[in-house]
Amino acid sequence: MYLGLSLLLCGVLSSSCAQRETPPAPKSLLETLPEIIANVNGEVITRQQVIERFQQAQNMMGHQEHAAQAAQAENKPDAAGATAAAHQAHQMAQNQPSSSPLDPIEERTLLRHIINSTALERLKLQEAQRLGLSVTMPAIDEQVRLMEQHSEQQMGGREGFERELRRGHTTLTEWRTELRQQLLIQQLEASRRKILPVGDEEINLYWEKNRKKLSSFWHTDKLDQARDRVRELIQQERWVTARADWELALVKGAKIWVDRDIRQLFVTVPVDHTH
């Protein structure tokens, strides 16, 4: 993690560094990760899990970059531009790597985000389990079926869908598990959002301020018929701040240990410094 600083010092002290043998190529930060990254309330986050998510995120970044390039090509006014865009999109899908290599700062930033988001996700799943929340299997299977159907249509059938999963460094089983977890977290967050207090006076003021737009959208000019939906709108607007506060409370109430070698990456949680 200190290779960047070492190289910088070597550049400043070029005369002395020039007299030394050429050092070996620096290792990627991913290659230096310990086997156990962190422990969240007794549940470990492993090196392999972090690397898989890192690769998935990098692959998504690459797809976004390629899509932007294809869209830019499609904006060309001539027919040649459209033909080039179609060829470019095909080449991206078939031959391009998942993304351009990240520089050390980008790599460190992405890795820090993945470690923190993975820990927070574990805390939410643990909270959902503590509260006894669950998502029924038929509901999950229906969501999976719809998403698979949509993905297969976009990617040329089941084979194309599974090929894209492999490019994204995941399997169909892992994808299903991830989807189930995300649905459970959505249910947990929805339950938190719905208990945000909203008074009658707030509802009345919000309705009066937005009456014209809401009455047109909902096809009613009677507040009594729209009261619950107005309450939900207010709760949604408040949820951004309320969610951040709730997540911070989850973190503060957790016991989180992080390997000392990567502690600098894990800056948003109170870590156990005794290990």
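Every value quoted in this text rests on a predicted model; they were computed, and no experiment measured them. (Residues numbered from 1 in each chain as written. Predicted model: local features only at pLDDT ≥ 70, side-chain atom pairs only at ≥ 80, totals over all residues. Heavy atoms only, no water.)

J.: Now, about the packing of helix α8 (residues 172-194) against helix α10 (residues 223-252): what can you tell me, with residues and values included?
T.: Axis separation between α8 and α10 bottoms out at 9 Å; the angle between their running directions is 115°. Accordingly, the angle class assigned to the pair α8 and α10 is roughly perpendicular. Between α8 and α10 lies a crossing whose hand is right-handed. Contacts between α8 and α10 involve Leu188, Glu189, Arg192, Arg193 and Lys194 from the first element and Gln235, Gln236, Trp239, Arg243, Trp246 and Glu247 from the second. Looking at the contact of α8 with α10 residue by residue, the class counts come to three nonpolar, two polar and six charged. (Axes fitted to C-alpha atoms, helices over the stretch in contact; angles between N-to-C directions. Helix = DSSP H or I, 4+ residues; strand = E, 2+ residues; numbered from the N terminus. Parallel < 35°, antiparallel > 145°, perpendicular 65-115°, else oblique. Left-handed = near helix turned anticlockwise from the far one by under 90°. Contact = heavy atoms within 4.5 Å. Nonpolar A, V, L, I, M, F, W, Y, C, P; charged D, E, K, R; others polar.)

J.: Can you tell me about the sheet that holds strand β3 (residues 256-258), naming the residues and giving the values?
T.: Through backbone hydrogen bonds, the strands of a sheet pair up, either in parallel or in antiparallel fashion. If you trace the three strands from one edge of the open sheet to the other, you get β2-β1-β3, paired in antiparallel fashion. In this open sheet, the two strands that pair with only one neighbour each are β2 (43-46) and β3. Ignoring strand direction, the axes of neighbouring strands in this sheet form an average angle of 20°. Across four bridges, strand β1 (residues 36-40) lies against β2 in antiparallel orientation. Residue pairing across strands places isoleucine 36 opposite threonine 46, the latter belonging to β2. On the sheet, helix α5 (residues 104-130) packs against β1, β2 and β3 and is oriented at approximately 155° with respect to β2. (Pairing = 2+ DSSP bridges.)

J.: Just give me the short version of α5, but keep the residues and values in it.
T.: With 27 residues, α5 should cover 39 Å at 1.5 Å per step; its first-to-last C-alpha distance of 39 Å lies within 8% of that length. Structurally, the start of α5 carries an N-cap: the backbone nitrogen of isoleucine 105 is 3.0 Å from a side-chain oxygen of aspartate 103. Among the residues trailing α5, glycine 132 stands out with phi positive, at a value near 75°. (Expected span 1.5 Å × (residues − 1). Polar contact = N/O pair within 3.5 Å; in protein donor to acceptor, adjacent residues only side chain to side chain.)

J.: How would you summarise the pattern of salt bridges if you had to cite specific residues and measurements?
T.: Here the idea is simple: oppositely charged side chains can pair when their charged atoms come close. Counted by the stated rule, this structure contains 13 salt bridges. The salt bridge involving glutamate 43 is made with arginine 122; its shortest N-O contact spans 3.5 Å. Placement of the pair is glutamate 43 in strand β2 and arginine 122 in helix α5, with a sequence separation of 79 residues. We classify arginine 122 as buried; its relative accessible area is 11%. Among the ionic pairs, lysine 124 bridges to glutamate 189, the shortest N-O distance being 2.6 Å. (Salt bridge = Lys/Arg side-chain N within 4 Å of Asp/Glu carboxyl O. Buried < 20%, exposed > 50% of the residue type's maximum accessible area, 1.4 Å probe, protein only.)

J.: Mind laying out the pairing of β1, listing which residues take part and the relevant values?
T.: The hairpin formed by β1 and β2 contains two residues between the paired strands, and asparagine 41 there has a positive phi angle of roughly 50°. As defined by bridge partners, β1 adjoins β3 across three bridges and the pair is classed as antiparallel. Pairing of valine 40 across the sheet is with isoleucine 256, part of β3.

J.: Describe the packing of aromatic side chains, with residues and values.
T.: The tally for this structure, following the rule as stated, stands at one aromatic pair. With 6.0 Å between their ring centres and 35° between their planes, tryptophan 239 and tryptophan 246 make a pair best called tilted. Summarising the burial analysis for this pair, tryptophan 239 and tryptophan 246 share the class buried. (Phe/Tyr/Trp six-rings, centres within 6.5 Å; stacked < 30°, edge-to-face > 60°.)

J.: Let's hear about the confidence of the model for the protein: which residues, and what values?
T.: For the protein, per-residue confidence averages 77 on the pLDDT scale, and residues scoring 70 or more make up 72% of the total. Within the model, pLDDT remains below 50 along residues 1-25, and this stretch shows ten contacts once partners closer than five positions in the same chain are excluded. Overall, residues 267-275 carries pLDDT values under 50, and its contacts beyond four positions in sequence, including any with other chains, amount to 21 contacts. (pLDDT = per-residue confidence, 0-100.)

J.: Which residues make up the nonpolar core, and what are the values?
T.: Nonpolar side chains tend toward joint burial in soluble globular proteins. With 32 residues, the main nonpolar core has Leu33, Ile37, Ile45, Val50, Leu111, Leu123 and Ile256 as its most contacted residues. If you tally residues by element for this core, the top one is α5, at nine residues. If we skip the residues at most four places from it in the chain, leucine 123 touches Val40, Asn41, Leu250, Val251, Ala254 and Ile256. (Core = buried A, V, L, I, M, F, W, Y, C linked by side-chain atoms within 4.5 Å.)

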